[in-house]
2 protein chains.
Amino acid sequence: MNELRLKVKMLGFQAGGKHIVIIDDEVAAKLDVRSLDRVVIRHNDREVVAIVNVAKFFPGDFIGLYDEVANILKIKEEDTVEVAPAGVPDSLLYIRRKLMGARLNAREIRKIVEDIVDGYISDVELTALVTALHYQHMSLEEALNFTKAMVETGEMLRLPSKIVLDKHSLGGVPGDKTSMIVVPIIASLGYIIPKTSSRAITSAAGTADRMEVLAPVSLSVEEMKEVVLKTNGCLVWGGALRLAPADDIIIRVEYPLGIDPFFIPSILAKKLAVGSTHVVLDIPTGRGAKVPTISEARNLAHDFIQLASRLGMKMEAAVTYGEQPIGHAIGPALEAREALITLMGKGPKDLIDKATSIAGILLEMAGNTNGRELALKALQSGKAEKKMREIIEAQGGDPNIKPDDIKVGDKTFTYYAETDGFVFWINNQALALIGKTAGAPKDKGAGIYVYVKLGEKVKAGDPLFTIYAESSVKLQAAEKIVDEMKPIAIGRGIKAKMLLEKIDTKPEKVVMLER
Amino acid sequence: MNELRLKVKMLGFQAGGKHIVIIDDEVAAKLDVRSLDRVVIRHNDREVVAIVNVAKFFPGDFIGLYDEVANILKIKEEDTVEVAPAGVPDSLLYIRRKLMGARLNAREIRKIVEDIVDGYISDVELTALVTALHYQHMSLEEALNFTKAMVETGEMLRLPSKIVLDKHSLGGVPGDKTSMIVVPIIASLGYIIPKTSSRAITSAAGTADRMEVLAPVSLSVEEMKEVVLKTNGCLVWGGALRLAPADDIIIRVEYPLGIDPFFIPSILAKKLAVGSTHVVLDIPTGRGAKVPTISEARNLAHDFIQLASRLGMKMEAAVTYGEQPIGHAIGPALEAREALITLMGKGPKDLIDKATSIAGILLEMAGNTNGRELALKALQSGKAEKKMREIIEAQGGDPNIKPDDIKVGDKTFTYYAETDGFVFWINNQALALIGKTAGAPKDKGAGIYVYVKLGEKVKAGDPLFTIYAESSVKLQAAEKIVDEMKPIAIGRGIKAKMLLEKIDTKPEKVVMLER
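Before going into details, it helps to say that this report is about the structure given with it.

Re the sheet that holds strand β14 (residues 421–426) of chain A
Residue and element names in this part refer to chain A.
Thinking step 1. Read from one edge of the open sheet, 3 strands run β16-β14-β18, paired in antiparallel fashion. This sheet does not close on itself; its edge strands, each paired only once, are β16 (457–458) and β18 (488–491).
Thinking step 2. Relative to β16, β14 runs antiparallel, the two being bridged by 2 bridges. Residue Phe422 lies in a different strand from β16, and its bridge partner there is Lys457.

Details of the environment of B:Asp398
Residues and elements named next belong to chain B.
Thinking step 1. Its location among the elements puts Asp398 in the loop between α16 (383–395) and β13 (411–416).
Thinking step 2. A relative accessible area of 40% places Asp398 in the partly exposed class.
Thinking step 3. At a separation of 2.8 Å, a polar atom in the side chain of Asp398 contacts the main-chain amide nitrogen of Asn400.

Examining the interface of chain B and chain A
Thinking step 1. Between chain B and chain A, the contact holds 50 residues from the first and 50 residues from the second.
Thinking step 2. Summing both sides of the interface, chain B and chain A together bury roughly 4100 Å²; the carbon and sulfur share of this comes to 63%.
Thinking step 3. Of all residues in chain B, B:Phe13, B:Arg34 and B:Tyr135 give up the largest surface area on contact with chain A, accounting jointly for 16% of the area buried on that side.
Thinking step 4. Put simply, chain B and chain A have 2 salt bridges between them.
Thinking step 5. Where B:Lys436 meets A:Asp32, a salt bridge forms, and the shortest distance between an N and an O atom there is 3.3 Å.
Thinking step 6. Put simply, chain B and chain A have 19 residue pairs in polar contact (both at pLDDT 80 or more) between them.
Thinking step 7. Those elements that place two or more of their residues in the side of chain B that touches chain A are α1 (25–31), β4 (46–55), α3 (90–99), α5 (123–136), α10 (246–257), α17 (428–437) and α18 (472–485) of chain B.
Thinking step 8. With 10 residues, the single largest contributor to the side of chain B that touches chain A is α5(B).

Observations concerning the pairing of strand β9 (residues 233–237) of chain A
Residue and element names in this part refer to chain A.
Thinking step 1. Extensive coverage of β9 is indicated by the burial of 4 of its 5 residues.
Thinking step 2. Where strand β8 (residues 193–197) meets β9, 5 bridges bridge the pair, whose relative direction is parallel. Residue Ser197 lies in a different strand from β9, and its bridge partner there is Trp237.

Concerning the relation of the copies chain B and chain A
Thinking step 1. Take chain B, turn it by 180°, move it 0.1 Å along the axis, and it overlays chain A with an RMSD of 0.1 Å. Taken together, the rotation and translation relating the two chain copies correspond to the operation of a two-fold axis.
Thinking step 2. Mapped onto chain A, 100% of the interface residues of chain B are again interface residues, and the two copies thus contact each other with one and the same surface.

Brief notes about the sheet that holds strand β17 (residues 463–469) of chain B
All names here are of chain B.
Thinking step 1. The antiparallel open sheet is built from 4 strands, whose spatial order is β12-β15-β17-β13. Each edge of the open sheet carries a strand with a single partner, namely β12 (329–330) and β13.
Thinking step 2. Summarising the sheet, β12 and strand β15 (residues 447–450) pair through 2 bridges and their orientation is antiparallel. Across the sheet, the residue bridging to Ala329 is Tyr449, located in β15.
Thinking step 3. With respect to the sheet, α18 is in contact with β13 and β17, its orientation differing from that of β13 by roughly 20°.

Description of unusual backbone geometry
Thinking step 1. Going from A:Ala440 to A:Pro441, the amide bond is cis rather than trans, its omega being 0°.
Thinking step 2. In this structure, B:Asn232 is a non-glycine residue whose phi angle is positive, near 80°.
Thinking step 3. Residue position: B:Asn232 is located in the loop between α9 (221–231) and β9 (233–237).
Thinking step 4. With a phi angle near 50°, B:Asn370 is a residue other than glycine that sits in the positive phi range.
Thinking step 5. Relative to the elements of secondary structure, B:Asn370 occurs in the loop between α14 (349–365) and α15 (371–380).

Reading guide: rules and limits
- Residues numbered from 1 in each chain as written.
- Chains lettered and ligands numbered in written order.
- Predicted model: local features only at pLDDT ≥ 70, side-chain atom pairs only at ≥ 80, totals over all residues.
- Heavy atoms only, no water.
- Pairing = 2+ DSSP bridges.
- Helix = DSSP H or I, 4+ residues; strand = E, 2+ residues; numbered from the N terminus.
- Buried < 20%, exposed > 50% of the residue type's maximum accessible area, 1.4 Å probe, protein only.
- Polar contact = N/O pair within 3.5 Å; in protein donor to acceptor, adjacent residues only side chain to side chain.
- Contact = heavy atoms within 4.5 Å.
- Buried area = accessible area lost by both parts, 1.4 Å probe.
- Salt bridge = Lys/Arg side-chain N within 4 Å of Asp/Glu carboxyl O.
- Least-squares fit on C-alpha atoms with pLDDT ≥ 70 in both.
- Axes fitted to C-alpha atoms, helices over the stretch in contact; angles between N-to-C directions.

Shown next, in the form of structure tokens:
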């Protein structure tokens, strides 16, 4: 009925993966569409449905196309297209139903996730879905279907192995290079462990940032597969892969809002997408960590384990001590160096304790007894180091790299204890902020080296930590943060052990996701 | 810290009033910002905060500016700006707090509404707020503060009168030209009634579309004031004014989602913005109307009256019969003609009944007794017609217009009863769709003339309704809808009276907004 012929104005950039077109408000009136309505656009034998953005002062006889739509139509500037109103997509009807309190079934969820991935859902609709799930909470059934749909709408890594081990940390603790020790231990013992990691967002380094100091991490799924087939393991950046891509789109709207209803499905989807069958979930716990108390860690673990079990994935959780950095080093290069030193037999006790505890749980899940001893032996014997060098080589790095080859920032400033006493408070957030301000993770050599651990006795004049930076300006800015935030306090001491608790509960009847 | 100098690429159109800029993903990484973070942009002595949209394949050293930001910076293509990350705006912190279940106070709500109007809130954040309020429901206090903030962040009409009357209909009934009779009645009796109306969205005509047949309706607040000062009344389009502009922005995200937590505050804000002191709320009720039952109408009325009272506005509600069109005519020109005929003394009974009932309530609210008789007298004496012609003239139309001067569509098709019987069902939605398909409201002469009323006796061969269109193609499309939807059914009869109930409850202690 209201079909119009419009000329194409190429906007020349992407719309974040979405199918969006721009039309003038008078054109919108002629088409009888409003912002966020859909139109169908035809050109020759091609057609595409897109979300309308109505803009004032857009040229009258034109339709503005972002790259996504332009690429599908194979079109160029000033070409003519036919534009007509399109109906409301089914996925939007399901989102509206969710807003009215309905539970979504598998088919509806699959359609919603498909349309999210294909760019047919606007930010407004996606945000409404995310907020609705924040308020209504997913049922176990919905969580299950969202997870499956997120996996199935992305690429998948298929490995010829019945057992695929994996680990995931909820993060939040500075300096946590545990994966860089666990992966080579597990791989050296003949098990498959295709580890994907993220880059830092609010921290000074993610595992992908750390590993990148030793080898390239931006691999494709095919390249990742090759590395794993060759070495049993890998340490790659998940962001370059299209594993469960719905998650990346959903996170974009969750992030400014500070809500995360897709938290558990997102993590499990990423693990399922690489074919993991046995996964240990590391939950760093304590003041200053993401999960402050053991009882909260337990609830979260039970939710994860229950959903994982419904998805056919065996999961156990390690509640770990998260009140201070792991090891001494924070920042990509400093941490890569510490990981390498640890694999070479000279690592800090807490890092060795944590890594062998987690590797041990994985080894026991895979049918071994005395997992922790097995892990420790693989580390102490040099098998894990050898395996790490194989992985580094397979990913395209230098297998003969020595700790001293790793360049760290040459602008440094060291802080010393002003009085005698015990280390009684280390502020994780402050350390992350100092590391970031010093330039990490972008400046790989930037970071912090912390000499002390909670509960340790120090004397006035003992070094507490050194800031590393690649530029003096950034070093000075980091020093300013130290003055403001005092990241380490000296006083009465406490003692810490790394593994607080191991949780391997069999799923219960209670739907724990209904938090 | 992360400040960058970027060249300006003018996008050349608006971003829906929002302060949005586009940068490439590599530029975003350098600035350490993500999509929906804020940046501050400086040029000479000007600066502006904007929401970041990260686009792939956007030229590297450039920042894309929509008109809103470009106008503030007074900038041109290829100029250089300084760009740096900006913190999280307070309004976003308040929205996050709301998502965690908090009640918002007056100051927080004011800041949120200001930032909505000024374009500092992204669609994602606005949608989260709207969805949060859909789930949590506004408290009476929050509704009060949102209403006030919506009024105060827009223009206001200030009239030198202690009593300002007004009416508002919740709509949903085709052919409801009641305002075009009520306004001149009230104005002719010496009371001020500055009526703003909307255009049709899902219907065949809004009051602004109808009135536009007789006179221009796109007036500024100043022009509207002039008309009211001259004639006591007006009938103008609200969309051209900047009265409570937050509402227009909020509706844009509510519309695709089918939720409307701002329903009551939005309507009251528009009334407060023109200074209304006594308002009658028309709630068309019945099957096929927006409010299906009288008990729902009562609840809604109480919510409105309670909030209005807290805002110092006297409100009464008229629950009116909404199961069939008002009068006979549907569509801008047909309705304008019927309104004019009614003012000239020859209108349909139900329209006269409804208009004088509502005018009567208003007159009694203003201190008169026998409001309905007063209204009827103003109509029958020709005073209301004379007043309407003054208003038409003041708004720039022809005061001597005769019903026959009003052109209606010359392509027509009439439907006849196939059997004897009573009119027992009229489908409002079907009539609206037929009218729209015939071309209304864009084609002013398009519409439907319905000859029969619910419960009337008809004989086989009696005309039921005529479709009017300005184009044969649209007429044929409308005929197709008739075949599919059968808008009028003949069978056993029922009788209808227009005013079902008058509600003037004094506010109760119960917080009725917590539905």
